[in-house]
Each structure stands twice: as C-alpha cells, then as structure tokens.
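This is what each chain is made of:
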Amino acid sequence: MNGKPRFRRPTRTITENVNGVPVQYDVPDTTPIRRLPFNLDATLRKALFAVAILMTIGAIVWGTVAIGSMLAMLAPAWAAYLVAGVFDAGWAACLIAEWLLRYDSKRAARPRNAGVALLIVSMAAIIVHGALSGPWGWIVGIVGALVSAAAKGVWAIGMHTIRIKLDPKYEAYLRTLQQETGTQLALALGERDRLMTEDRTVGLKLALEGRRPAAPPVVEPVDRPAEPAAARPESTPVQAADQPAEQIETVPEPVLVQDAGRTVDRPVLPEDQVDVLLNRLRNGDHITKKGAASILGVSESTAYRRLKDAEAKLHQYN
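Source: prediction; values computed, not measured.

## So, the overall build of the protein chain
Step number 1: Helices and strands together make up the secondary structure of the protein chain, namely eight helices and four strands.
Step number 2: In sequence order, the secondary structure elements of the protein chain are arranged as β-β-α-α-α-α-α-β-β-α-α-α.
Step number 3: Across the 318 residues in the protein chain, those meeting the buried criterion constitute 20%.
Step number 4: By sequence separation, contacts in the protein chain at least 24 residues apart represent 56% of the contacts at least 6 residues apart.

Here is the structure:
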C-alpha cells in the first residue's frame, strides 16, 4: 500500500475573495450523480447484431469448406479453399456497404442486390457439393445452403430495425451535403497532389542542374568614361652630323602603353548575383523566381537558389 486512496471522490472548485485577494480551493462535491436509465432497446439491438455476426462467420466457414472440397477435385487444396470463400466474403462485404449507405435508399439498393446475387450463387454451389457427395447428399447441401440464407435474413432484419425512411426532401438535402463535402475533399486532395508534384519537379530540376558541367564564366563589360588622349609631342627632324639636309628623318611617334593600374574585367561570381538581388530586396522590390531569372539572365533553378541566398542575407542583416 502506498497510502494513496483507491477511489478518488469528485470535488468542485470554489472561488472566494479573502481580504481583497481572490482564492480558489477544492471541496468535496456532494451532488448526487444521476445515472442514465437502463436502455433495453440498445442492449437488444447489440445482441441482435452480435448474433448476426456469429451466424455470418458460421455461414462463411461452412460455405468455404463445402465449395472448397468440391473445387479440390480439380485444383490444389490451398487454391480451392482460398477461392471458395470469395462468394460468402462477397455478400458479407455487400452487407457492410449496405450498412454504410443505410440513410440513402437509392445508393443502398445496388449493394443489396449484389449481395443477394452472390448469396444465391453461394447457396447453389453448396447444394451442388451436397449432390455430388452421395445419394442423400443433396439434403445436406440444402441444409448447408439454408445456413447462409438464415445469416443473410438475420442481417436484413437487423438493418430493418435501424434503417430510417427519410422524406425525399431531406434525403436530397443529405445527399447534397455529402456531395459538397466530397467535392471539398476532392479539391483538397487535388491541391495536395499539385503541390507535391511541383516540389518533385523543382527537386528534379535542381538535381539535373547539379549534374550539368559548370558553364563558362560570363564576362560583362564595365562601362567606364573614355580616357582623354595623351598629349603627344610633336615630331622634330633629327639630323646627323654627316647626313645631308635633304635626308633628314623624323622621330617616330611614341606608342601609348596601357596603364598597369587600370581595372581588368573579371567574370561574374554567384556572390555578385546574390548582391544584385539583395540590393533590390532592400529597395522594397518583390522578386519572384521568374523575375530573378530575368534579372540575372540565368535559368529559373539557378535564379531560385540565388534568390534564397539573398533572402537569407536580408534576414541575417535585419
């Protein structure tokens, strides 16, 4: 014994104001508990369907044994008994469908008729099995077939006790609500499939993009103001000491050499593309995947990665 009470008594919470301070405390609840009266109808309905389930199980077992032993003459035993339960399992499945559609008489008619047809086929197979067993076997076959008929009859009686015949107006109203709910569910499932397909497409594009060889770097020209031409010295004639005056040669014009400190064009790196998108995001521009591809002049998958990097930098700085 751990000292804890075995049964916990019900309590109720009381809220009071003690010296201006609200307090709450629990006290035993002495209100008598009112129990619901015994519902005989619900108990009998449960007993009825329990009997129907037991009879259905017995009918399925008997039908499977009878039909399986007949089919075993032409097929292996495991296959014969496996196929033998198709008919009884079929009309039992139709009973479940009829239960689910008990408030829709028009839709419930189809599984009801299909169950009756499968039941007739099963009963006929059981009678044939009895007729093949011996001179008096047909009597055993009829009795065995009546087991399935009795199980089906008990189910029909149980369904009759719970089936509510709705007015055509309210039956149409209920059917309309079910169609609207089914339409919303179908639209939601379709939207989910569309989003999942889009995610798989993006993933496939990224995977294919990663397998492609690296593209050559893109060289973008940088606009610079034109440099003024350097002042060139005027050429003056040069005369050697032993050279005649008519053979004077001019000094060749000097050739300009590029300045070593001049900026050289370089390829555009991914960081540069991210910075371009980051500057636009800071300016308040709303950039989509297609917009980023148009701005950078790259594929949408590459633009999508650059845009995500720019958004991450923007959130990091903020």
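## Some thoughts on the environment of proline 270
Step number 1: Mapping proline 270 onto the fold places it in helix α6 (residues 270–282).
Step number 2: C-alpha of proline 270 to C-alpha of aspartate 309: the two residues are 39 residues apart in sequence and 9.9 Å apart in space.

## What to know about the packing of helix α1 (residues 40–71) against helix α3 (residues 105–133)
Step number 1: In the contact formed by α1 and α3, the axes pass within 9 Å of each other and the chain directions differ by 55 degrees. Taken together, the axes of α1 and α3 lie oblique to each other. For the element pair α1 and α3, the recorded crossing hand is left-handed. Across the interface between the two elements, Trp62, Gly63, Ala66, Ile67, Ser69 and Met70 of α1 pack against Ser122, Ala125, Ile126, Val128, His129 and Leu132 of α3.
Step number 2: The residue inventory of the contact of α1 with α3, partitioned by class, reads eight nonpolar, four polar and no charged.

## Focus: the pattern of salt bridges
Step number 1: With the rule as written, the count across this model stands at six salt bridges.
Step number 2: With its nearest N and O atoms 3.7 Å apart, the salt bridge here joins lysine 313 to aspartate 275. Linking lysine 313 in helix α8 (residues 300–317) with aspartate 275 in helix α6, this pair joins segments that are 38 residues apart in sequence.
Step number 3: What makes lysine 313 partly exposed here is its relative accessible area of 26%.
Step number 4: In this structure, a network of salt bridges that share partners links the residues Glu191, Arg194 and Glu198.

## Concerning unusual backbone geometry
Step number 1: Even without being glycine, asparagine 19 reaches a positive phi, approximately 55 degrees.
Step number 2: As for its position among the elements, asparagine 19 is in the loop between β1 (11–18) and β2 (21–28).
Step number 3: Of the residues examined, asparagine 19 reaches a relative accessible area of 79% and is grouped as exposed.

## Overview of the pairing of β2
Step number 1: Where β1 meets β2, eight bridges bridge the pair, whose relative direction is antiparallel. Within the sheet, the bridge partner assigned to asparagine 17 lies in β2 and is proline 22.

## Comments concerning the environment of leucine 82
Step number 1: Relative to the assigned elements, leucine 82 resides in helix α2 (residues 77–100).
Step number 2: When the C-alpha positions of leucine 82 and threonine 64 are compared, they lie 8.1 Å apart, and in sequence the two are 18 residues distant.

## Description of the confidence of the model for the protein chain
Step number 1: Summing up the model confidence of the protein chain, the mean pLDDT is 77 and the portion of residues at 70 or higher is 80%.
Step number 2: Ranking the elements of the protein chain by mean pLDDT puts strand β4 (residues 249–250) last with 48 and α1 first with 87.
Step number 3: Low pLDDT, under 50, characterises residues 247–264; the predicted model gives this stretch 17 contacts beyond four residues in sequence or across chains.

## Structural notes on α3
Step number 1: Given a rise of 1.5 Å per residue, 29 residues ought to cover 42 Å, and the 42 Å separating the end C-alpha atoms of α3 matches this to within 8%.
Step number 2: Restricting attention to buried positions, one finds in α3 the residues Ala108, Pro111, Gly115, Leu119, Ser122, Met123, Ala125, Ile126 and Gly130.
Step number 3: On its buried face, α3 sits against α1, α2 and α4 (137–162).

## A word on the packing of aromatic side chains
Step number 1: In total, this model carries two aromatic pairs according to the counting rule given.
Step number 2: Ring centres of phenylalanine 49 and tryptophan 99 lie 5.3 Å apart, and the angle between their planes is 85 degrees; this geometry places the pair in the edge-to-face category. With phenylalanine 49 in helix α1 and tryptophan 99 in helix α2, this residue pair connects regions lying 50 residues apart in the sequence.
Step number 3: Of the residues examined, phenylalanine 49 reaches a relative accessible area of 12% and is grouped as buried.
Step number 4: Positioned above the aromatic ring of tryptophan 99, the side-chain terminus of arginine 102 is 4.6 Å from the ring centre.

## Side note on the side chain of serine 122
Step number 1: With respect to the element layout, serine 122 can be found in helix α3.
Step number 2: For serine 122, a relative accessible area of 0% corresponds to the buried category.
Step number 3: Excluding residues within four positions of it along the chain, serine 122 makes contact with Ile67, Phe87, Asp88 and Ser148.

Cut-off values and rules
Residues numbered from 1 in each chain as written. Predicted model: local features only at pLDDT ≥ 70, side-chain atom pairs only at ≥ 80, totals over all residues. Heavy atoms only, no water. Helix = DSSP H or I, 4+ residues; strand = E, 2+ residues; numbered from the N terminus. Buried < 20%, exposed > 50% of the residue type's maximum accessible area, 1.4 Å probe, protein only. Contact = heavy atoms within 4.5 Å. Axes fitted to C-alpha atoms, helices over the stretch in contact; angles between N-to-C directions. Parallel < 35°, antiparallel > 145°, perpendicular 65-115°, else oblique. Left-handed = near helix turned anticlockwise from the far one by under 90°. Nonpolar A, V, L, I, M, F, W, Y, C, P; charged D, E, K, R; others polar. Salt bridge = Lys/Arg side-chain N within 4 Å of Asp/Glu carboxyl O. Pairing = 2+ DSSP bridges. pLDDT = per-residue confidence, 0-100. Expected span 1.5 Å × (residues − 1). Phe/Tyr/Trp six-rings, centres within 6.5 Å; stacked < 30°, edge-to-face > 60°. Lys NZ or Arg CZ within 6 Å of the ring centre and 35° of its normal.

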